[in-house]
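Close look at the chain arrangement
What follows is each chain in one-letter form.
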Amino acid sequence: ETQKDLIRDSWHIVSQDQLHHGTVLFTRLFQLEPELVFLFHYNSSEFSDVQECLSSAEFTEHIRKVMTVIDAAVGSVDSLSSLDEYLTGLGRKHRAVGVKLESFKTVGESLLYALELGLGDAFTPDTREAWSQLYATVVRSMSRGWRR
Ligand code: HEM
């Protein structure tokens, strides 16, 4: 199997329950960087703890947004440059809401963690490598949003 097949086949499994795996991703992310929870405030009120954030309707929508972007990246894995401008704009939006580019390293670790948990034995070293590369490409495009 090529790297692209590994990506598509593993995403096919995980995307059956995007909300679940996305929740695993963000639960992990908040364990690693708890202060990120304070960047999510809807109707100008801050969440008092991680659990409150994870179970809110607005945050659930953000999880769906994240999974939709990953889904788009997997769908365009043959032509990722077509997402370049969109992803740069998405990076710019995240800078505007106070996200530091370095935090996307932790997001990447959390993504791999969620994939590993969701795929079990199907998460082979080759599959891990394929996802690391896809994620690196996505973050490279997003990172332009932090320039200037
Ligand atoms: C919007 C924070 C990671 C995709 C937002 C918003 C915040 C936020 C505060 C605005 C409120 C909202 O729409 O819910 C964060 C933080 C992250 C993170 C703290 C991790 C450090 C990601 C990742 C993706 C993503 C990894 C996808 C690759 C989106 C999308 C939007 C969004 C699509 C909507 C943008 C729009 O309105 O056009 N994010 N985010 N986020 N985020 Fe994230």
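Preceding this paragraph is the structure being described.
Residues numbered from 1 in each chain as written. Predicted model: local features only at pLDDT ≥ 70, side-chain atom pairs only at ≥ 80, totals over all residues. Heavy atoms only, no water.

Brief notes about the nonpolar core
With 44 residues, the main nonpolar core has Phe26, Phe30, Phe59, Phe104, Leu115, Trp131 and Leu134 as its most contacted residues. Not counting residues up to four positions away in its chain, the partners in contact with Phe104 are His94, Val99, Tyr135, Val139, Met142 and Trp146. (Core = buried A, V, L, I, M, F, W, Y, C linked by side-chain atoms within 4.5 Å. Buried < 20%, exposed > 50% of the residue type's maximum accessible area, 1.4 Å probe, protein only. Contact = heavy atoms within 4.5 Å.)

Considering the site of the ligand
Neighbouring the ligand are 17 residues; Tyr42, His62, Lys65, Lys93 and His94 lie closest to it. In this structure, a nitrogen atom belonging to the ligand sits 2.8 Å away from a side-chain N or O atom of His62. Listed by contribution, the elements that provide at least two residues to the shell around the ligand are helix H4 (57-75), helix H5 (84-96) and helix H6 (103-119). Looking at the shell around the ligand residue by residue, the classes come out as 13 nonpolar, two polar and two charged. (Near = heavy atom within 4 Å. Polar contact = N/O pair within 3.5 Å; in protein donor to acceptor, adjacent residues only side chain to side chain. Helix = DSSP H or I, 4+ residues; strand = E, 2+ residues; numbered from the N terminus. Nonpolar A, V, L, I, M, F, W, Y, C, P; charged D, E, K, R; others polar.)

Structural notes on the environment of Thr60
Residue position: Thr60 is located in helix H4. Considered as a pair, Thr60 and Thr23 are 37 residues apart in the sequence and their alpha carbons are 8.2 Å apart. Residue contacts for Thr60: discarding those within four places in its chain leaves Leu19 and Leu54.

Examining helix H1 (residues 3-14)
With twelve residues, H1 ought to run about 16 Å at 1.5 Å a step, and its terminal C-alpha atoms sit 17 Å apart, in line with that. Three or more residues of H1 are buried, namely Leu6, Ile7, Ser10, Trp11 and Val14. Down the axis of H1, the buried side of the element spans an arc of 120 degrees, and every buried residue falls inside it. (Expected span 1.5 Å × (residues − 1). Arc of directions from axis to C-beta.)

In short, geometric facts, not functional conclusions.
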